[in-house]
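Notes for the structure review
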Amino acid sequence: MYDYDLLVVGSANADLVIGVERRPGAGETVLGSDLAVHPGGKGANQAVAAARLGARTALLARVGDDAYGRLLLDSQRAAGVDTVGVLVGGAPTGVALITVDPSGDNSIVVSPGANGKLAPADVRATAGLFQASRVVSTQLEIPLETVVEVVRNLAPRSRFVLNPSPPRPLPAEVLAACDPLIVNEHEAKVILGEDAAAVSEEPADWARILLAKGPRSVVVTLGAEGALVASSEGVTRVPSVQVDAVDTTGAGDAFTAALAWQLGAGSSLAEAAAYAARVGAAAVTKRGAQESFPTAAEAAALCAAVPEGDPRTPGGNSGSGSSADAPLRGGSR
């Protein structure tokens, strides 16, 4: 019935990455490594991550008619992503300026470029992609009105996954479609808005209040503490995975893509989140974003390395553990 396991609607950027001993403070200059240019952007990252895992994936995005745009198209095609929905022109390709410190943590500034030109009309013009997709995933590096149009064009039985990064208040129409809404601590508090002050510091409470705002399900990522999944069936904790983080760039995108694909494959939300935690963990063990995303075999090897005993791992069992807080930061690039 579906041509695609996952349709990703979102940003495509050139990532300009510099390694630093420490990130600069206000008014401070620090020396860094040589500049490295990588294909990135939350939408493009998620599409590549899903395709590497074996998902039949399409991307709806906009890039400039320039060298960065060609870099992004080449990277999508090399990963096996269908680029029929990638539009060219209207503005220069978006650029992300990224600094990475020795711990693997990063800071990011994004110049949207062509991403800001991905319009509701582009969604309507590619309606056939939505009808052919089992799951649709998006983020907020494209205009909010375009995300609203995505929701309005979903096929009747498709599932909508949203990582609201960078976070902003969301209209009720978008919240009601999320299944799940994937947030980290910062994103959760922005979405909660005025309600955040009245909520305790317990992440389970954030998940419940977010769920009451309309999403069909919620995932709250908690870094070293793992993640929480919330639905009408209750709140469940998903354990993290212990790895040595090298670079967190793209980890949140790998997590979201893996979770979306597993949901479309029939996994429960807790199972999908457990699998996604391992994919995100694998991603931070290598430098860069898209080049760090694991294949299905690499993800399976990490799952197999976890002890038996937890029914929340797809196809088997998982154990508890701790990790660098990188793998499960929903808003990380």
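Residues numbered from 1 in each chain as written. Predicted model: local features only at pLDDT ≥ 70, side-chain atom pairs only at ≥ 80, totals over all residues. Heavy atoms only, no water.

A separate point is the overall build of the protein chain. When its secondary structure is counted, the protein chain shows 11 helices and 13 strands. Here the protein chain holds 333 residues, and the buried ones make up 58% of them. When contacts within the protein chain are restricted to residue pairs at least 6 apart in sequence, those whose partners lie at least 24 apart make up 68%. Just so you have it, the protein chain exposes about 12,800 Å², and 52% of that area is on carbon and sulfur atoms. (Helix = DSSP H or I, 4+ residues; strand = E, 2+ residues; numbered from the N terminus. Buried < 20%, exposed > 50% of the residue type's maximum accessible area, 1.4 Å probe, protein only. Contact = heavy atoms within 4.5 Å. Areas by Shrake-Rupley, 256 points an atom, 1.4 Å probe, with all protein chains shown as cover.)

A few words on a nonpolar patch on the surface. Together, Ile18, Leu35, Val37 and Tyr68 make up a nonpolar patch on the protein surface, roughly 310 Å² of accessible area in all. Accessibility expressed as a relative area gives 30% for tyrosine 68, which makes it partly exposed. (Patch = residues over 30% accessible without salt bridge, like charges linked within 9 Å, V, L, I, M, F, W, Y side chains within 5 Å. Salt bridge = Lys/Arg side-chain N within 4 Å of Asp/Glu carboxyl O.)

On average, the protein chain scores 86 in pLDDT, and the residues at 70 or more come to 87%. Taken as a whole, residues 307-332 scores under 50 in pLDDT and shows 92 contacts with residues more than four places along the chain or in a different chain. (pLDDT = per-residue confidence, 0-100.)

With that settled, consider helix H8 (residues 203-212). Considered for burial, the residues of H8 that qualify are Pro203, Ala204, Trp206, Ala207 and Leu210. Along the axis of H8, the buried residues cluster in a sector spanning 155°; they form a single face. Those residues of H8 that are buried lie in contact with strand E10 (178-183), helix H7 (185-192), strand E11 (218-221), strand E12 (227-231) and strand E13 (234-238). Immediately downstream of H8, the backbone of glycine 214 shows phi near 130°, a positive value. (Arc of directions from axis to C-beta.)

A word on the pattern of salt bridges. This structure, assessed with the given rule, holds 11 salt bridges. A salt bridge links arginine 23 to aspartate 101; its shortest N-O distance comes to 3.6 Å. On the criterion of sequence distance, the pair formed by arginine 23 in the loop between strand E2 (13-19) and strand E3 (36-40) and aspartate 101 in the loop between strand E6 (94-100) and strand E7 (106-111) is long-range, its members being 78 residues apart. Taking the relative accessible area as the measure of exposure, arginine 23 reaches 32% and is therefore partly exposed. For aspartate 122, the salt bridge identified is with arginine 62, shortest N-O distance 3.2 Å. One end of the pair, aspartate 122, is in helix H3 (residues 120-125); the other, arginine 62, is in strand E4 (residues 57-63), with 60 residues separating them in the sequence. Take aspartate 122 and arginine 62: they sit in the same class, and that class is buried.

Note on placement: glutamate 187 falls in helix H7. Relative accessible area serves as the criterion here: at 2%, glutamate 187 is assigned to the buried category. For the pair glutamate 187 and proline 169, spaced 18 residues apart in sequence, the C-alpha separation works out to 9.6 Å.

The next subject is helix H5 (residues 144-152). Of all 9 residues that make up H5, 7 are buried, and the element is covered over most of its length. Restricting attention to buried positions, one finds in H5 the residues Leu144, Thr146, Val147, Val148, Glu149, Val150 and Val151. Lining the buried residues of H5 we find strand E1 (4-9), H3, helix H4 (127-131), strand E8 (133-139), strand E9 (159-163) and helix H6 (172-177).

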